[in-house]
Amino acid sequence: MNVRLHWFLPTGGDGRTLVDRHAYTDGGIKRDRITPVSGVRAPDIEYLAQIAKAAEQLGFEAVLTPTGTWCEDAWLTTMALAQHTERLKFLVAFRPGVVSPVLAAQMASTYQRITRGRLLLNVVTGGDSTEQRRFGDHLDHDRRYARTAEFLSVVRGVWGGRPFDYDGEHYRVEGGLTALPPDPLPDIFFGGSSAAAGPVAAAHADVYLTWGEPPVAVKEKIDWIRGLAEEQGRTVRFGIRLHTISRDSSREAWATADRLLGDLDPGTIAAAQQALGRSESVGQQRMLALHGGSRDALEISPNLWAGVGLVRGGAGTALVGSHAEVADRIEEYHSLGVEHFVLSGYPHLEEAYWFGEGVTPELATRGLLSTVPASPLLKVAAANGRPASAAGGAPLLIAGGR
């Protein structure tokens with residue numbers, strides 16, 4: 001099992017600070033900010049294309065695109081970005097409760113044909129009732145997961161290429177059909193830390209995705225889901241969602257983390273913690289418990305920093321350290337059974353290069369990657385006529401050269 005690397009598309013906005021909905025009055029839709037925040041970048045298609053192209057060049061397999069009120073639509077945005085890239089896959093997040101499962105199956109099938117097989121699906125059941133009600137969904141937490149199980153049963157059923165009937169509590173389908181099933185079938189990524197989520201993951205997920213908790217907690221989750229899946233005769237693969245701050249030295253990386261933390265005033269943190277504390281998501285509550293809303297003792301495990309979660313919902317931890325140290329932590333999670341690493345950083349364009357030029361070569365040296373992106377300078381002649389990669393030629397671009 002090799003490490004598979006993915007990056008993130010910040011379709012709600014990006015920048016040189018821990019931007020999230022606190023930076024905007026409208027989540028970035030109109031780009032009107034509540035307070036002046038320096039270095040905030042609008043998620044327009046030109047900027048997102050820069051990130052997507054960088055991720056592809058640096059060897060990331062796919063990019064995750066979020067879903068919800070505060071970001072652009074994931075299906076439409078990634079379909080546009082597919083025209084700017086050649087190999088990059090798109091891990092499209094969507095909520096099963098707000099679209100017909102037969103329509104979703106058809107959308108996925110069309111997407112696969114247009115992009116020649118570059119779709120992955122991230123099914124987000126939803127842990128915020130206020131957000132769910134904006135989209136007309138009034139089910140409670142556990143019933144949402146029960147509906148997700150039915151939704152995925154229907155999706156897989158209609159992908160079979162023949163009429164499919166289903167009679168459940170939430171969906172009733174007669175002769176459901178995707179006339180041209182997707183080829184290949186997109187992998188389904190799914191996360192959830194609650195008792196209601198576990199059986200759904202075990203029965204339907206190809207990849208169970210967890211947020212970045214300390215290794216001992218991640219191992220407990222893996223053992224839990226693996227055991228549930230084995231009871232159903234299934235095998236589930238595992239992934240983890242983390243931010244990264246990787247530099248040529250540990251000192252530089254932690255200085256960057258300190259700068260990000262220094263940009264946050266106590267009022268911003270308090271407001272974010274109050275809002276996040278209302279979430280019904282068990283995973284979100286686990287993220288909050290890692291730091292308790294305090295700036296103190298944010299390194300909760302070696303090189304695992306919980307500062308992001310002071311103001312950001314969802315993934316709230318970052319791997320911080322030298323390139324070798326970040327690679328160490330990835331190798332540690334990998335030894336527990338984690339295959340997919342869905343990463344991000346602030347800003348996403350620059351951090352993609354820090355990771356791709358610093359950590360990726362470390363992972364390759366350790367034999368953890370199946371393929372390594374070729375340097376764009378290979379076979380390019382230097383001024384002295386020698387190849388750029390040859391001894392004495394022009395130096396290869398590395399993270400420390402910026």
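An account of the accompanying structure is given in this report. (Residues numbered from 1 in each chain as written. Predicted model: local features only at pLDDT ≥ 70, side-chain atom pairs only at ≥ 80, totals over all residues. Heavy atoms only, no water.)

On a plain count of helices and strands, the protein comes out with 12 helices and 15 strands. Relative to its 402 residues, the protein shows a buried fraction of 53%. Partitioning the contacts of the protein with sequence separation of at least 6, the portion at a separation of at least 24 is 71%. Carbon and sulfur atoms make up 52% of the accessible area of the protein, which totals about 17000 Å². (Helix = DSSP H or I, 4+ residues; strand = E, 2+ residues; numbered from the N terminus. Buried < 20%, exposed > 50% of the residue type's maximum accessible area, 1.4 Å probe, protein only. Contact = heavy atoms within 4.5 Å. Areas by Shrake-Rupley, 256 points an atom, 1.4 Å probe, with all protein chains shown as cover.)

Time to look at helix H12 (residues 348–365). Given a rise of 1.5 Å per residue, 18 residues ought to cover 26 Å, and the 25 Å separating the end C-alpha atoms of H12 matches this to within 8%. The largest bend in H12 comes to about 30°, at Gly356. Looking at H12, one finds that the buried residues are His348, Leu349, Glu351, Ala352, Trp354, Phe355, Gly356, Gly358, Val359, Thr360 and Leu363. At the C-terminal side of H12, Gly367 shows a positive phi close to 75°. (Expected span 1.5 Å × (residues − 1). Bend = angle between axes of the 7 residues up to and from the residue.)

Glancing now at unusual backbone geometry. Of note, the amide linkage connecting Asp183 to Pro184 takes the cis form, showing an omega dihedral of 5°. Structurally, Pro184 can be placed in the loop between strand S8 (172–176) and strand S9 (188–190). Look at the link from Tyr346 to Pro347: it is a cis peptide, with omega at -5°. For Pro347, the position within the fold is in the loop between strand S15 (338–344) and H12.

Moving on to helix H7 (residues 215–231). Here H7 spans 24 Å end to end across 17 residues, near enough to the 24 Å set by a 1.5 Å rise per residue. Within the sequence span of H7, burial applies to Pro215, Ala217, Val218, Lys221, Ile222, Ile225, Leu228 and Ala229. One side of H7 holds all its buried residues, which, seen down the axis, span an arc of 160°. Away from its buried face by more than 90 degrees, H7 exposes Val216, Glu220, Glu230 and Glu231. Looking one or two residues past H7, Gly233 carries a phi angle of roughly 70°, positive in sign. (Arc of directions from axis to C-beta.)

This part is about the pattern of salt bridges. Taken as a whole, this structure holds 20 salt bridges when the rule is applied. Close ionic contact of Glu61 with Arg4 constitutes a salt bridge, the shortest N to O distance being 2.7 Å. With Glu61 in the loop between helix H1 (45–57) and strand S4 (62–65) and Arg4 in strand S1 (residues 4–8), the pair connects residues that are 57 residues apart, well separated along the chain. In this structure, Glu362 engages Arg366 in a salt bridge whose closest nitrogen and oxygen atoms are separated by 3.3 Å. One continuous salt-bridge network, built from bridges that share partners, spans Arg4, Glu61, Lys89, Asp187, Arg237 and Glu339. (Salt bridge = Lys/Arg side-chain N within 4 Å of Asp/Glu carboxyl O.)

Right, let's get into the side chain of His243. Here His243 lies in strand S11 (residues 237–247). You can call His243 buried: its relative accessible area is 2%. Of the polar contacts made by the side chain of His243, one reaches the side chain of Ser344; its length is 2.7 Å. (Polar contact = N/O pair within 3.5 Å; in protein donor to acceptor, adjacent residues only side chain to side chain.)

In this structure, Thr317 sits in the loop between strand S13 (304–305) and strand S14 (318–322). What makes Thr317 buried here is its relative accessible area of 1%. For Thr317, the side chain forms a polar contact with the main-chain oxygen of Gly212, separated by 2.6 Å. When residues no more than four places from it in sequence are discounted, the contact partners of Thr317 are Gly212, Leu242, His243, Met287, Leu290, Ile300, Leu304, Trp305, Ala306 and Val308.

For soluble globular proteins, nonpolar side chains are generally found buried alongside one another. Residues Leu5, Phe90, Ile330, Tyr333, Phe341, Phe355 and Leu363 are the most contacted members of the largest nonpolar core, which totals 72 residues. Among all residues touching Tyr333, those that are not within four sequence positions of it are Glu213, Pro214, Pro215, Val218, Ile240, Leu242, Leu304, Leu319, Val338 and Phe341. Judged by nonpolar contacts, the second largest core, of 19 residues, contains Leu18, Ala257, Trp305 and Leu310. (Core = buried A, V, L, I, M, F, W, Y, C linked by side-chain atoms within 4.5 Å.)

The subject of this paragraph is the environment of Trp254. On the secondary structure map, Trp254 appears in helix H8 (residues 250–262). Each C-alpha atom, one on Trp254 and one on Val320, is 6.5 Å from the other, the two residues being 66 residues apart in sequence. With residues near it in sequence (within four places) discarded, Trp254 still touches Glu299, Asn303, Trp305 and Val320.

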